Amino acid sequence: MCIRDRYITAVEKAFYDQVVKGPLTGYPVVNFRYVLQDGVTHVVDSSANAFAIATRYSFKQAFKNAMSVILEPIMNVEVTVPNDAFNAAMSGLAKRKGVINHSETRGDLFIIQATVPLSQMFGYATEIRGYTSGQGEFSMEYKCHEAVPPNETDEIILKFKKKRAKEAEEDA
């Protein structure tokens, strides 16, 4: 390889800058490998900045061609409600894009185990208290990350682009 070390350092820095703030939404990019195979330097035209610009451009091109997805955290949720509130609990989780994995009754309590996207769980404590008169409760813990559905992905990207344009307008 005929690239000087200072240019390789510029490439690494530009790559890590791109990874920290991904091009689609500003969120970090994961599971991405970037390999510098070769390059050419010129005594007059080569600079660390030129290599950094080339890195940012090639990263964005590779990212676009990689068919990337946006990931969201999925939570294991356990809901405990009185038996007379089980319909409301089931429909409340379904409304929040939850997938019911298991349900059972223990005495006069109905227990549901489900997986639900974290973004859908905001406000659930108030909702469950409302339809159980304060007797229902739930707990959740991290399970994994899964791809955001395509229709929501477009909305997230559009929101990010609007935010970026507004920030650029304020800086100008």
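Provided above is the structure to which this section pertains.
Residues numbered from 1 in each chain as written. Predicted model: local features only at pLDDT ≥ 70, side-chain atom pairs only at ≥ 80, totals over all residues. Heavy atoms only, no water.

Here we take up the overall build of the protein. A count of helical and extended segments in the protein gives 5 helices and 4 strands. Reading the helices (α) and strands (β) of the protein from amino to carboxyl end gives α-α-β-α-β-β-α-β-α. The globule rule puts the C-alpha radius of gyration for 172 residues at 16 Å, and the 24 Å found for the protein is more than 25% above it. Here the C-alpha coordinates of the protein stretch approximately 80 × 40 × 25 Å along the principal axes. Counting only residues that meet the buried cut, the protein has 30% of its 172 residues in that class. Counting only contacts in the protein whose residues sit at least 6 apart along the sequence, the fraction spanning at least 24 positions is 71%. (Helix = DSSP H or I, 4+ residues; strand = E, 2+ residues; numbered from the N terminus. Rg over C-alpha atoms; globule rule 2.2 N^0.38 Å. Buried < 20%, exposed > 50% of the residue type's maximum accessible area, 1.4 Å probe, protein only. Contact = heavy atoms within 4.5 Å.)

So, on to the packing of aromatic side chains. Counted according to the given criterion, the structure contains 10 aromatic pairs. For the pair Phe-15 and Tyr-16, a centre-to-centre distance of 5.2 Å together with 65° between the ring planes defines the contact as edge-to-face. Given the relative accessible area of 10%, Phe-15 is considered buried. Relative to Phe-32, the ring of Phe-15 has its centre 6.5 Å away and its plane inclined at 25°; by these criteria the two rings are stacked. Placement of Phe-15 in helix α1 (residues 5-20) and of Phe-32 in the loop between α1 and α2 (48-65) is noted, with a sequence separation of 17 residues between them. What makes Phe-32 partly exposed here is its relative accessible area of 23%. The rings of Phe-15, Tyr-16, Phe-32, Tyr-34, Phe-59 and Phe-63 are connected pair by pair, giving a single aromatic cluster. (Phe/Tyr/Trp six-rings, centres within 6.5 Å; stacked < 30°, edge-to-face > 60°.)

Glancing now at the packing of α1 against α2. For the pair α1 and α2, interaxial distance at closest approach is 8 Å and the crossing angle is 40°. As judged from the angle between their axes, α1 and α2 are oblique. As for the relative orientation of α1 and α2, their crossing is right-handed in sense. Of the residues in α2, those in contact with Arg-6, Tyr-7, Ala-10, Val-11, Ala-14, Phe-15, Gln-18 and Val-19 of α1 are Ala-48, Phe-51, Ala-52, Thr-55, Arg-56, Phe-59 and Lys-60. Residues belonging to the contact of α1 with α2 are distributed by class as follows: 10 nonpolar, 2 polar and 3 charged. (Axes fitted to C-alpha atoms, helices over the stretch in contact; angles between N-to-C directions. Parallel < 35°, antiparallel > 145°, perpendicular 65-115°, else oblique. Left-handed = near helix turned anticlockwise from the far one by under 90°. Nonpolar A, V, L, I, M, F, W, Y, C, P; charged D, E, K, R; others polar.)

So, on to the packing of helix α3 (residues 86-95) against helix α4 (residues 124-132). One way to put it is that α3 packs onto α4 with a least axis distance of 10 Å and a crossing angle of 160°. The orientation of α3 with respect to α4, classified from their angle, is roughly antiparallel. Classified by chirality, the crossing of α4 by α3 is right-handed. Residues Ala-88, Ala-89, Gly-92, Leu-93 and Lys-95 of α3 touch α4, and the partners they reach there are Tyr-124, Glu-127 and Tyr-131. Looking at side-chain class alone, the contact of α3 with α4 contains 5 nonpolar, 1 polar and 2 charged residues.

For the rest of this paragraph, the subject is the sheet that holds strand β3 (residues 109-117). Sheet strands line up and pair through hydrogen bonds in the backbone, either parallel or antiparallel. Strand order in the open sheet formed by 4 strands is β2-β3-β1-β4, with antiparallel pairing between adjacent strands. Unpaired on one side and paired on the other, β2 (99-106) and β4 (137-147) mark the two borders of the sheet. On average, adjacent strands in this sheet sit at an angle of 15° to one another, irrespective of strand direction. Two elements, strand β1 (residues 71-82) and β4, share 10 bridges in a ladder whose sense is antiparallel. Residue pairing across strands places Val-79 opposite Phe-138, the latter belonging to β4. Against the sheet, α3 makes contact with β1, β2 and β3, and its axis sits at roughly 5° relative to β3, the strand it touches most. The strands touched by α4 are β1 and β4; relative to β1, the strand with the most contacts, the crossing angle is about 20°. (Pairing = 2+ DSSP bridges.)

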